[in-house]
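# Descriptive structure summary
Here's the letter readout for the chains.
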Number of protein chains: 6
Amino acid sequence: MAKSTGLIRQVFFNGCLVPEHEAKISIYDSALMFGDMVFEMTRSYGGKQFKLKEHIDRLYTGLKILRIPLTMTPFEMEKACYETMEANQHLFLEDDEHRLMIDVTRGLLGIYQNIEGAEPGPNVLIADFPLRWTVSKMSILFKEGINCVITNQRVIPSDLMDPKIKNRSRLFYLMANIEASAYKGSNNWALMLDTDGFIAEGTGCNFFIVKDGVIITPEGRNILRGISREYVMRELCVELSIPCIEKNIEAFDVYTADEAFVTGTPFSMLPVTSLSGVQIGNGEVGPVFKTLLKQWSSNVGTDIEGQIESWDSDHMVSCAQDAPTPYSFKSPSTS
Amino acid sequence: MAKSTGLIRQVFFNGCLVPEHEAKISIYDSALMFGDMVFEMTRSYGGKQFKLKEHIDRLYTGLKILRIPLTMTPFEMEKACYETMEANQHLFLEDDEHRLMIDVTRGLLGIYQNIEGAEPGPNVLIADFPLRWTVSKMSILFKEGINCVITNQRVIPSDLMDPKIKNRSRLFYLMANIEASAYKGSNNWALMLDTDGFIAEGTGCNFFIVKDGVIITPEGRNILRGISREYVMRELCVELSIPCIEKNIEAFDVYTADEAFVTGTPFSMLPVTSLSGVQIGNGEVGPVFKTLLKQWSSNVGTDIEGQIESWDSDHMVSCAQDAPTPYSFKSPSTS
Amino acid sequence: MAKSTGLIRQVFFNGCLVPEHEAKISIYDSALMFGDMVFEMTRSYGGKQFKLKEHIDRLYTGLKILRIPLTMTPFEMEKACYETMEANQHLFLEDDEHRLMIDVTRGLLGIYQNIEGAEPGPNVLIADFPLRWTVSKMSILFKEGINCVITNQRVIPSDLMDPKIKNRSRLFYLMANIEASAYKGSNNWALMLDTDGFIAEGTGCNFFIVKDGVIITPEGRNILRGISREYVMRELCVELSIPCIEKNIEAFDVYTADEAFVTGTPFSMLPVTSLSGVQIGNGEVGPVFKTLLKQWSSNVGTDIEGQIESWDSDHMVSCAQDAPTPYSFKSPSTS
Amino acid sequence: MAKSTGLIRQVFFNGCLVPEHEAKISIYDSALMFGDMVFEMTRSYGGKQFKLKEHIDRLYTGLKILRIPLTMTPFEMEKACYETMEANQHLFLEDDEHRLMIDVTRGLLGIYQNIEGAEPGPNVLIADFPLRWTVSKMSILFKEGINCVITNQRVIPSDLMDPKIKNRSRLFYLMANIEASAYKGSNNWALMLDTDGFIAEGTGCNFFIVKDGVIITPEGRNILRGISREYVMRELCVELSIPCIEKNIEAFDVYTADEAFVTGTPFSMLPVTSLSGVQIGNGEVGPVFKTLLKQWSSNVGTDIEGQIESWDSDHMVSCAQDAPTPYSFKSPSTS
Amino acid sequence: MAKSTGLIRQVFFNGCLVPEHEAKISIYDSALMFGDMVFEMTRSYGGKQFKLKEHIDRLYTGLKILRIPLTMTPFEMEKACYETMEANQHLFLEDDEHRLMIDVTRGLLGIYQNIEGAEPGPNVLIADFPLRWTVSKMSILFKEGINCVITNQRVIPSDLMDPKIKNRSRLFYLMANIEASAYKGSNNWALMLDTDGFIAEGTGCNFFIVKDGVIITPEGRNILRGISREYVMRELCVELSIPCIEKNIEAFDVYTADEAFVTGTPFSMLPVTSLSGVQIGNGEVGPVFKTLLKQWSSNVGTDIEGQIESWDSDHMVSCAQDAPTPYSFKSPSTS
Amino acid sequence: MAKSTGLIRQVFFNGCLVPEHEAKISIYDSALMFGDMVFEMTRSYGGKQFKLKEHIDRLYTGLKILRIPLTMTPFEMEKACYETMEANQHLFLEDDEHRLMIDVTRGLLGIYQNIEGAEPGPNVLIADFPLRWTVSKMSILFKEGINCVITNQRVIPSDLMDPKIKNRSRLFYLMANIEASAYKGSNNWALMLDTDGFIAEGTGCNFFIVKDGVIITPEGRNILRGISREYVMRELCVELSIPCIEKNIEAFDVYTADEAFVTGTPFSMLPVTSLSGVQIGNGEVGPVFKTLLKQWSSNVGTDIEGQIESWDSDHMVSCAQDAPTPYSFKSPSTS
């Protein structure tokens, strides 16, 4: 793969590098026709990718279940990730972290494969951009905590469309975000129930409570089983000897919890200090959260909260005006 | 809008025309991030668009509910459709029909809007390609009829993600198609139940039965309310004085029906002659179906079945090797 | 029944009149133990009770199904209502209307019946107070319309606790109101779905849409079948020759409606001009609503909107600080 | 708080003591309008309150989730309980136990707050009466055991109205009792399933089975998590080294259990010897039940069964004619 | 088919006549292995079979959906029915009616087909016995009416096992009967809800209510669509100009109905005068019921009620000791 | 019981022995009327019955819950099994194993008990036939593994009809088999979900996966709790120190498992190597399966796979033409 020398970030596209603004998917691709795409989004700490292998494994699980016939191997995928980062490294600031977005599409639907100049697919794209885009506005959340609001929008049950496959048919995430945006106050993030009435997940994060010294997170059924979720459960909690279990929980359990928090790749962890305006515990960022975040920071050699705070204070990225929601969106009132 | 003079089909893209293979969506677009796109697919009869206004109305209903802040008016949208067709007309054969695909995306997520060269959106794309791509392999179905198979995959209930908004978060359609492709025999199309156990829809078509002279189609709840479905119900049946009602139906009702058929824009109507291998009525294409199709053909001045048959016989389009399923897909066994 | 001569409103209590502040229920009454009370709330127009017989009929239906062994007959109940109003008449302003609240409780639980001074029950209470308390702050809603918000709180299915019996186990109404109070903006009223995802009712009102000249209201299953709802359906619409049907409807149907409104005894009808912030029709009070309200006003000889406006403008009743929600409540942030 | 000297039991009411028959709630209180009340019912053993702090904690959890803005602290609440008992002590027999009922209501709805003489609320009431009222007729159940009947009435799912908040919107409890009262034979108590078909709870008691030496009780989702239930699980079973787990159970598990029993504050524990007429185990009171009850009696220094038997034999309380059901009610056939 | 001359009733068995006590199914037959049998039960009026063709049609619908490969035609089936009756005629009393039971089994499972002397199947059996067996104890019900009790046992949803196919996997009917038998009083028949909480059917009868002059019966989804139900809806009501509709109904609708009744082949119609002990209408047999029964009697030339009464009064058949339940069963307490 | 000396296998029938082809159930028996029969099917290893006591215990659990008043004791039942085998022993080949089928029916419905020559019941039948009938065609499955297909047919929830009672109302098993038979390829077995979307069971087998060294099988709710399932969980896994847990699993868990297998009495265990055509693990028979089967074979002194292979190779039983499905059936296309 030829090394990029340009001034514009490059995106891996089926073995080539293309400028970021040309990283596009044909409108005839199954990805756009059906939301039929498997993807991953990763990050680095101190420039080193975190749990990249785990992300790639999850990607290939999705490909297998969706029967997307990708011939590229996981090893080749990993190699391509590193090459993409290398090609863009000169465009990153010294304090930047690399956020990778790996997209795999099934490719053109059969009936569109004669289109001139079209690649049949499957298609693999790997984008590499500064993590600060995503998180620079979140530093306040480490201090004030999120107010989760339980939306009327519920998650789709896994037997209808499995959230454990990280796919792009997630319009309901966006609908939940729209709903949360109508609430008074700030720091509101959508928290969705499943159709059994159990807490499922946020629109891009996993949810945890702490009760009597035990960390509890919803069973891995109607959620994306996040890599950060796994890291907290299987590594941080083991290191710190904090018991951590998976269990169906309800709003009641959140109201009566001592602490709550969410996990997600870009920000690692964020505290949740209230549910629908009712404070959780004493309404402040809790000690278990702090202990976990400190250990995580130590493990990856990065002051996670401090780094995000530093990105926020220099105001370099002005576009993310609505970043405190997990994924911002445009709607009539904001356009 | 400048007239295209090239040899390649052009796609309308936010007011410009671009070559078809450049009709692409940024990977940072909400359309790819969330399956967050509203779309329509139309067709012409004898070169004249059929129910274009109705398609555009439905498109704008979806935009409204999803809060996509499109400033382009329905009138401008319609005009753009006609200009796109005009631009491509010289590339169509005389016996071709125009299939339009109108895509509207919300555009780049907020955090990605600083990407160099990126258009913030919303984005409007109008593609125009020969209808024969989609339907040329379907002529046998007019004669033999479809064997519907009820898949384990059920539709997503409308209160979780509303199918009445024609959107792109439809991975479950693809899963149903994969399931149907595992059945013995040919002409198998997936027919999905809703979570109440009622017949909902195919993966791209509406379903009807005929019983004792009455045409019955599922209530318009957990389905896309197809333009062709509306045409049959509100126009053809009125013209022909055939009673037509919306009603929850079950597999039992299909097994005991006199006839069954599906409707869809590209093929108008196709007969369904068996359900999971058990013949419906006498297992042949029924008289009500024939009457409706004849009237439809007459109304639009096109021998609908004959036209598709003619496209099939000259084998001009070889790509659509798997056309008899409503939307073909690539999977490990076919790649 | 002795005529009251005092300065304080009197409440009918098992055949006697007691001062309003002594109209209380024992904490040992099944009404407080189980929410086990059947009730009605009525109003007058021009001093004349509206549909009192229908209210009393509904009350007795509830008593029958709950097996509350009341010996008082419907005729005696009606008589008691009139006597109660007569007793209080001198305390009402000339432009006041009478709002009656009829409560019937089963009485003391068996194990508490030896309490000294306690009446075993069943108990019948009829309170009579100025309607302006309830509605004086609603006049703005006739002009601006309500913004309905679909809450996460859904109604309890009728096979678990039947809303068609007007009972007092309705804590979930209050929870929906709390939820709606957290939304930005004003004029927000909770609109609840049933567990099938259909629009059910507000917390004290029935919901209607108007589409293509037809008035549609949810089927009478998971709702209280309001007397006002019946009046619109069976009388006003008949008088005005407007077709009116009961049908399961969803949010989609509201978004695509021409108009929407709610009915409730105290205010008769109020327009709904948006759903979760998205305008319905052109976002203004619609012509069908206006026609119905005008006819209703004419039928009862009262300018319904004008009367409420007059009560609002003279600011005589300062207590109803939060009246624009259907039933106000106290919560930590307002106390 | 002034000491009562009268001959009538006194009830704590917002800091004052009022005679029991004046312990009443205004009909304009949210408690009667919506079943919007949080409450607790406790008991003493040997005159000493049992788990009073745990009851008060649960009370305040409910207040928090329902957003009832009570300013009284848990400590003040506890103090008020003791003062109330002290005020009534002289009215209790030597062998009596104190049953406290703590009620907290939100108070008058906003629109009714101008009523003369009305207290706005929230209101706190603490009643204190002899436990024998509730349990004197239950002594036969310690010997014969309860026959649980699974009613058609199911519990309301916790995401619609959470039973873990001890509230007064429980008309469905009463409906289940009515249903159970129609069964042949005696000793019939209603046992309700949740909407998933799992055993939930009785109408005022928690359910347990014993199988192969393990005590099993339904998960704490769709039930009130009883203080007695907690005591059995977290204290008695630990003391006695009997494994005890929470697990979804079904009728099948009850039919095949070795023993079954219920727990509830007034009676502590009662054996269940049959389900819908089919005997559980050998149909007699089981050894695990006896062991637990013996330990409980020992821990509280009271012969629990003997005490109830003594209350029954002297027939002092004649009102509780229908006590063997958990909560008696009046209906047409018994009035 | 040879004419039977014996003294014992003969049963048609695959073209032969066998004595009734030899009309048996092999334990290796799919009918016993899976409850895999389609059947019909008919009756005569005045010796003439009623709606035999309709019964046979329904039988063949079931065979088709279950894919039972019967080669015998409906015409041959009808002929066999008549021949069977003819063979048994001499054993019937003059005032007897013929109850036919037609059973069709798939036959031996494949792995058992080598059993010596076994017929592979499918098997057709037609039994012919006196209707009085079934109904002689029901005459009291024409006078007193049935008390329907809503059982906890609900019907199986049609998408799991379709009740519209009259099959033998109906253990849940028996469970409902056992449940109903535990109720106090007499004349109790089980009435089952479906899993949506709507009234479905009895265990062998269809349910109707009468409200404001309209006859209403549950939609034909989760029920057997009885031949008698069809006769009432499509013939009797048409003759008598009584409007009759299919509609989802609930317990509430029954409690508030003017009348209720059930239909079933052996007894034609029976009044339902109470629901769970609460009287329907005035608690007496209603005028609409009487009108329908009179017309039915007239149409078939038989005094339906009188005939059953005559069978009861002469006490000729002593076996039917428990006939007032729709289908009697043996259980520990009755054996 | 008199010893049989004949040439035909004998079946135990209420204390007598009857020839196999006369082992039949009256069409008036509740077993045929309602699918109201409890049964067991066992096998021997090396001629010695395996877990016969456990089978009989499960049988009596079913009898208890269904209230079938059988007076025969479990001990007598066991004795009858041995006597039946002894009576047939001379008809078995040396390498045969005994498959017992124990059927218990409630007997004739009350209204049919006067039929001449009929036994009232309950009836007990014990058949004894060569196991090879059932399994001889399954030897290929030990090598290639089963392809499980998830059918649209789901299991009936246990609160509607409990699968833990081994009963004969299982028409839905047959429907699932018909559905699976329509799939391309061979070795397809139906795997049913429950209505919550969890994997339940096959039509005659329990399902297991192996993941990271742990064996996981669905919770025992909506399944028959197979004796072989218990043996694997409670004995084999203990002996081999392989952790084995019960847990709700989904299709996702199967796709991502290392191995999968089913258990069932006739074949003990069979490997599952793919799910709906997607290979599980590496798509080959896995080491955990092999270890378990080896231990099982060792424990019972029988080479389980080898024995089945030997029965297949000598082709003595030609009837089982469709044996690779769990229970073969006849349908129009195969008759």
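This text goes with the structure placed above it.
This write-up is about the structure you can find in this document.

What follows deals with the packing of aromatic side chains. One pass over the structure, following the stated rule, counts 69 aromatic pairs over all chains. Measuring from ring centre to ring centre gives 6.4 Å for Y28 of chain C and W133 of chain D, while their planes differ by 65°; the resulting arrangement is edge-to-face. Here Y28 of chain C is found in the loop between strand 3 (24–26) and helix 1 (30–34), whereas its partner W133 of chain D is found in helix 4 (residues 132–135) on a different chain. Note on accessibility: Y28 of chain C and W133 of chain D belong to one class, buried. When the ring of F172 of chain D is compared with that of Y173 of chain D, the centres are 5.2 Å apart and the planes differ by 85°; the resulting orientation is edge-to-face. For the residue pair F172 of chain D and Y173 of chain D, the accessibility class agrees, reading buried in each case. Taken together through their ring pairs, the aromatic side chains of Y45, F50, Y231 and W296 of chain A make up a single cluster. Lying over the aromatic face of F198 of chain F, R221 of chain A brings its terminal NZ or CZ to 3.9 Å of the ring centre. Stacked on the ring of F39 of chain C, the Lys or Arg R168 of chain C has its end atom at 3.3 Å from the ring centre.

Residue and element names in this part refer to chain D. Look at helix 9 (residues 287–300): 20 Å from first C-alpha to last across 14 residues, which is about the 20 Å you get at 1.5 Å a residue. Here helix 9 has its buried residues at V288, F289, L292, L293, W296, S297 and V300. An end-on view of helix 9 places all buried positions within 165° of arc, on one side of the element. Exposed and facing more than 90 degrees away from the buried side of helix 9 are P287, K290, K294 and S298. One or two residues past the end of helix 9 sits G301, with phi positive at roughly 65°.

Considering only C-alpha positions, the minimal separation of the non-contacting chain B and chain D is 16 Å. Chain C makes no contact with chain F; the smallest distance between any of their C-alpha atoms is 16 Å.

Take the relation of the copies chain C and chain D next. When chain C is brought onto chain D, the operation consists of a screw motion whose angular component is 180° and whose axial shift is 0.0 Å, with 0.0 Å RMSD remaining. Between the two chains, the operation in question is that of a two-fold axis. By C-alpha distance to the rotation axis, the residue of chain C lying nearest is S169 of chain C, at 1.8 Å. Counting the interface residues of chain C, we find that 99% of their copies in chain D are interface residues as well, pointing to one common contact surface.

Residue P122 of chain C follows G121 of chain C across a cis peptide bond; omega there is 0°. Following the sequence through the fold, P122 of chain C ends up in the loop between strand 7 (98–105) and strand 8 (123–130). Even without a glycine there, the phi angle at S268 of chain C is positive, about 70°. Note on S268 of chain C: relative accessible area 0%, which makes it buried. Positioned with a positive phi, S241 of chain E is a non-glycine residue whose angle comes to about 55°. Tracing the sequence through the fold places S241 of chain E in the loop between helix 7 (227–240) and strand 14 (244–246).

Moving on: the interface of chain C and chain A. Counting residues at the interface gives ten residues for chain C, matched by ten residues for chain A. Between chain C and chain A, the buried area comes to about 910 Å², and carbon and sulfur atoms account for 43% of it. Per-residue buried area on chain C facing chain A is highest for N152, Y183 and K184 of chain C; these three make up 59% of the total on that side. Run the count over chain C and chain A and you get zero salt bridges. Where chain C packs against chain A, one counts four residue pairs in polar contact (both at pLDDT 80 or more). For the side of chain C that touches chain A, the residue count by class is four nonpolar, three polar and three charged.

The next point concerns the interface of chain C and chain D. Taken together, the contact between chain C and chain D spans 75 residues of the former and 74 residues of the latter. Here chain C is connected to chain D by zero salt bridges. One can count 21 residue pairs in polar contact (both at pLDDT 80 or more) joining chain C with chain D. Those elements that place two or more of their residues in the side of chain C that touches chain D are strand 3, helix 1, strand 4 (37–41), strand 7, strand 8, helix 4 (132–135) and helix 6 (171–180) of chain C. Top contributing element to the side of chain C that touches chain D by residue count: helix 6 of chain C, with six residues. For the side of chain C that touches chain D, the class distribution of residues is 44 nonpolar, 19 polar and twelve charged. Taken together, the three bridges between strand 3 of chain C and strand 3 (residues 24–26) of chain D define a ladder with antiparallel strand orientation. From the neighbouring strand, S26 of chain C faces strand 3 of chain D, where its bridge partner is K24 of chain D.

Criteria and cut-off values
Residues numbered from 1 in each chain as written. Chains lettered and ligands numbered in written order. Predicted model: local features only at pLDDT ≥ 70, side-chain atom pairs only at ≥ 80, totals over all residues. Heavy atoms only, no water. Phe/Tyr/Trp six-rings, centres within 6.5 Å; stacked < 30°, edge-to-face > 60°. Helix = DSSP H or I, 4+ residues; strand = E, 2+ residues; numbered from the N terminus. Buried < 20%, exposed > 50% of the residue type's maximum accessible area, 1.4 Å probe, protein only. Lys NZ or Arg CZ within 6 Å of the ring centre and 35° of its normal. Expected span 1.5 Å × (residues − 1). Arc of directions from axis to C-beta. Contact = heavy atoms within 4.5 Å. Least-squares fit on C-alpha atoms with pLDDT ≥ 70 in both. Buried area = accessible area lost by both parts, 1.4 Å probe. Salt bridge = Lys/Arg side-chain N within 4 Å of Asp/Glu carboxyl O. Polar contact = N/O pair within 3.5 Å; in protein donor to acceptor, adjacent residues only side chain to side chain. Nonpolar A, V, L, I, M, F, W, Y, C, P; charged D, E, K, R; others polar. Pairing = 2+ DSSP bridges.

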